[in-house]
Amino acid sequence: MSFPEMRSCLDLIKPYVPGKPVEEVERELGLSGVIKLASNENALGPSPLAVKAMQENADKMHIYPDGNCYYLKEALAAKLKIKPEQLIFGNGSDEILSFLTLALINPGDEAVMVAPSFSEYDFALRLMGGVPYLVPLVGSEFAYDLDAVLKAVNDQTRIVFICSPNNPTGSHIQRADFERFMAKLPDKVLVVLDQAYIEYVTDSGHPEGLDLIKQGYPLIALRTFSKIYGLAGLRIGYGIASSELIAVLNRVREPFNVNAMAQKAALAALDDDDHLKRSVQLVTEGRETLTTGMAALDLKPVPDQANFCFVDTGVDSRQAFQALLKKGVIVRTGDIFGYPSYIRVTYGTAEQNARFLKALEEVLAKLK
Ligand SMILES: Cc1ncc(COP(=O)(O)O)c(C=O)c1O
């Protein structure tokens with residue numbers, strides 16, 4: 001079949017390789033009860049209030065969704081004490097990254113991002129023919145060097161992506177450093193502060209993007225219902241920014257980009273403080289269990305403020321992955337982030353954490 005030539009910027013994009021469905025892994029390996037600690041999902045599951053809202057609205061799915069996410073936008077704006085026009089919803093916060101590059105990146109424009117970080121920044125940028133400028137995180141704690149990020153900004157830079165807490169390292173920035181950085185940033189550069197894991201942060205020195213947006217800094221904060229709210233399967237996230245920037249992003253948004261079920265569930269989940277608290281508690285306990293358990297194996301995870309940890313196993317992470325898989329535990333390998341001996345593990349339930357630690361101990365005893 002012949003078709004028009006592919007845009008040349010796609011040469012640099014590799015298709016996303018998804019993991020197999022858990023049920024398929026179980027069938028192939030003849031296992032049951034396989035656990036997935038690979039995608040930073042909420043091991044508690046969705047907010048029960050969201051589940052109820054979905055059940056109550058199942059028979060309304062023949063109607064197109066509200067293209068303006070009206071009720072969700074009003075509720076969230078009231079909660080955040082901002083104007084509804086300062087919010088945009090996406091089919092996951094991933095989609096908002098695409099809105100940003102669609103709206104702001106011409107071929108050859110640059111964006112600065114740290115390495116390792118969330119792969120969608122690179123993807124969304126390259127899709128528009130943009131060029132990434134990578135600034136490495138520093139030391140064994142994968143700390144941000146915001147001075148180095150600032151130095152990387154030049155006349156071609158349109159966007160700086162800051163992910164805090166950062167995926168896959170879990171490391172985070174400090175408010176004072178970030179405010180200094182924002183104050184020095186040249187005009188016409190937009191900072192995308194990805195706060196997908198913000199609800200898990202316990203360090204009071206972590207910045208809140210909203211405060212800086214309210215002060216008028218050129219910033220968009222991204223958040224999601226996929227992580228602590230446990231709604232990853234529905235695909236809904238949002239951006240908070242000035243109403244002027246949101247108006248620009250709305251120009252590239254398709255009318256019905258957020259499905260109706262997601263809107264209903266997210267609205268209900270917003271009020272579920274109990275689920276939120278229990279989710280934070282689970283992660284706090286998971287962090288303690290895994291930090292102690294891995295210390296007993298002479299492993300030291302990178303200190304994190306998220307619902308996962310990044311840890312150097314000292315062995316080839318692909319081999320560790322395969323061996324863990326055979327024991328029914330799925331984690332993320334570090335090679336995709338450029339760290340071939342690291343794995344990223346999402347904190348699970350107490351039972352899942354115990355299974356992971358036992359499996360890891362057995363696997364390392366064989367591989368080391
Ligand atoms: C840092 C970061 N940002 C954004 C996302 C995507 O979130 P969503 O499910 O809302 O697209 C993820 C998901 O893993 C993430 O780790």
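Residues numbered from 1 in each chain as written. Predicted model: local features only at pLDDT ≥ 70, side-chain atom pairs only at ≥ 80, totals over all residues. Heavy atoms only, no water.

1. Description of the overall build of the chain
Part 1 of the reasoning: Across its full length, the chain carries 13 helices and 12 strands.
Part 2 of the reasoning: For 368 residues, the compact-globule estimate of 2.2 N^0.38 gives 21 Å, and the C-alpha radius of gyration of the chain, at 21 Å, lies within 12% of that figure.
Part 3 of the reasoning: Seen along its three principal axes, the alpha-carbon backbone of the chain occupies a region of about 60 × 55 × 55 Å.
Part 4 of the reasoning: Evaluated residue by residue, the chain yields a buried proportion of 52% over its 368 residues.
Part 5 of the reasoning: In the structure as shown, the chain presents an accessible area of about 17,500 Å², 54% of it carried by carbon and sulfur atoms.
Part 6 of the reasoning: With 38 positive and 46 negative side-chain charges, the chain shows a separation of 1 Å between the mean positions of the two kinds. (Helix = DSSP H or I, 4+ residues; strand = E, 2+ residues; numbered from the N terminus. Rg over C-alpha atoms; globule rule 2.2 N^0.38 Å. Buried < 20%, exposed > 50% of the residue type's maximum accessible area, 1.4 Å probe, protein only. Areas by Shrake-Rupley, 256 points an atom, 1.4 Å probe, with all protein chains shown as cover. Lys, Arg positive; Asp, Glu negative; His and termini not counted. Charge placed at Lys NZ, Arg CZ, Asp CG, Glu CD.)

2. Here's the deal with the site of the ligand
Part 1 of the reasoning: Inspection of the region around the ligand gives 13 residues, with Ser 93, Asp 194, Thr 224, Ser 226 and Arg 235 positioned closest.
Part 2 of the reasoning: One nitrogen or oxygen atom from the side chain of Tyr 197 is found 2.7 Å from an oxygen atom belonging to the ligand.
Part 3 of the reasoning: A distance of 2.8 Å separates an oxygen atom of the ligand from a polar atom in the side chain of Lys 227.
Part 4 of the reasoning: Bound to the protein, the ligand loses 93% of the 400 Å² it would expose on its own.
Part 5 of the reasoning: Here the shell around the ligand is built from residues that sort into four nonpolar, five polar and four charged. (Near = heavy atom within 4 Å. Polar contact = N/O pair within 3.5 Å; in protein donor to acceptor, adjacent residues only side chain to side chain. Nonpolar A, V, L, I, M, F, W, Y, C, P; charged D, E, K, R; others polar.)

3. Thoughts on unusual backbone geometry
Part 1 of the reasoning: In the segment running from Ala 115 into Pro 116, the intervening peptide bond is cis, with an omega of 0 degrees.
Part 2 of the reasoning: Residue Pro 165 follows Ser 164 across a cis peptide bond; omega there is -5 degrees.
Part 3 of the reasoning: Here the phi dihedral of Asn 40 falls at roughly 55 degrees; this positive angle occurs in a residue that is not glycine.
Part 4 of the reasoning: Residues other than glycine seldom take positive phi values, yet Phe 142 does so here, at roughly 50 degrees.

4. Regarding the sheet that holds strand S9 (residues 308–312)
Part 1 of the reasoning: Spatially, the three strands line up as an open sheet ordered S9-S12-S11, and their pairing is antiparallel. Every other strand in the sheet has two partners, leaving S9 and strand S11 (332–333) as the edge strands with one partner each. (Pairing = 2+ DSSP bridges.)

5. Some remarks on the pattern of salt bridges
Part 1 of the reasoning: This structure, assessed with the given rule, holds 14 salt bridges.
Part 2 of the reasoning: The closest approach of N and O atoms between Asp 94 and Arg 235, which form a salt bridge, is 3.4 Å. Placement of Asp 94 in helix H4 (residues 93–104) and of Arg 235 in the loop between strand S7 (219–224) and strand S8 (237–240) is noted, with a sequence separation of 141 residues between them.
Part 3 of the reasoning: Overall, the relative accessible area of 24% leaves Asp 94 in the partly exposed class.
Part 4 of the reasoning: The class for Arg 235 is partly exposed, based on a relative accessible area of 27%.
Part 5 of the reasoning: The shortest N-O distance in the salt bridge between Glu 362 and Lys 327 comes to 3.0 Å. A residue pair is termed long-range when its members are at least 10 positions apart, and Glu 362 in helix H13 (residues 350–367) and Lys 327 in the loop between helix H12 (317–326) and strand S10 (329–330) qualify at 35 residues.
Part 6 of the reasoning: The class of Glu 362 is partly exposed, set by a relative accessible area of 32%.
Part 7 of the reasoning: For Lys 327, a relative accessible area of 34% gives the class partly exposed. (Salt bridge = Lys/Arg side-chain N within 4 Å of Asp/Glu carboxyl O.)

6. Some words on the sheet that holds S8
Part 1 of the reasoning: Across the sheet, seven strands lie side by side as S2-S8-S7-S6-S5-S3-S4; this open sheet has mixed pairing. If you trace the sheet from one side to the other, it starts and ends with strand S2 (87–90) and strand S4 (131–136), each paired once. When strand polarity is set aside, the average angle formed by the axes of neighbouring strands in this sheet is 25 degrees.
Part 2 of the reasoning: Pairing of S7 with S8, which is carried by four bridges, proceeds in the antiparallel orientation. Among the inter-strand pairings, Leu 222 is bridged to a residue of S8, identified as Gly 239.
Part 3 of the reasoning: Set on the sheet, H4 makes contact with S2, strand S5 (157–163), strand S6 (190–194), S7 and S8; between it and S7 the angle comes to about 155 degrees. (Axes fitted to C-alpha atoms, helices over the stretch in contact; angles between N-to-C directions. Contact = heavy atoms within 4.5 Å.)

7. Describing the pairing of S5
Part 1 of the reasoning: Across the seven residues of S5, six count as buried, placing the element largely inside the fold.
Part 2 of the reasoning: Alignment of strand S3 (residues 110–115) against S5, held across four bridges, turns out to be parallel. Residue Ala 111 lies in a different strand from S5, and its bridge partner there is Ile 159.
Part 3 of the reasoning: Pairing between S5 and S6: five bridges, direction parallel. If you follow Cys 163 over to S6, its bridge partner there is Asp 194.
Part 4 of the reasoning: Crossover handedness for the path S5 to helix H7 (residues 175–184) to S6: right-handed. (Right-handed = clockwise from strand over helix to strand, strands pointing away.)

8. Thoughts on the nonpolar core
One broad rule of soluble globular proteins: the nonpolar side chains tend to lie buried together.
Part 1 of the reasoning: Judged by nonpolar contacts, the single largest core of 114 residues is most densely connected at Phe 178 and Phe 356.
Part 2 of the reasoning: With near-sequence residues (within four places) excluded, Phe 178 lies in contact with Leu 146, Ile 162, Ile 173, Val 191, Leu 193, Pro 207, Leu 212 and Leu 219. (Core = buried A, V, L, I, M, F, W, Y, C linked by side-chain atoms within 4.5 Å.)

9. Observations concerning the side chain of Gln 195
Part 1 of the reasoning: With respect to the helices and strands, the residue Gln 195 is situated in the loop between S6 and helix H8 (209–214).
Part 2 of the reasoning: In contact with Gln 195, other than residues within four places in its own chain, are Ser 164, Pro 207, Glu 208, Gly 209, Ala 221, Leu 222 and Arg 223.

10. Observations regarding the packing of helix H11 (residues 273–295) against H13
Part 1 of the reasoning: Across the interface, H11 lies against H13 with an axial gap of 10 Å and an inter-helix angle of 15 degrees. Taken together, H11 and H13 sit at an angle that is classed as roughly parallel. The two elements H11 and H13 meet at a crossing, and its hand is right-handed. Residues Gly 286, Thr 289, Leu 290, Gly 293 and Met 294 of H11 form the contact with H13, whose own contacting residues are Asn 353, Phe 356, Leu 357 and Leu 360.
Part 2 of the reasoning: A class-by-class count of the residues in the contact of H11 with H13 yields five nonpolar, four polar and no charged. (Parallel < 35°, antiparallel > 145°, perpendicular 65-115°, else oblique. Left-handed = near helix turned anticlockwise from the far one by under 90°.)

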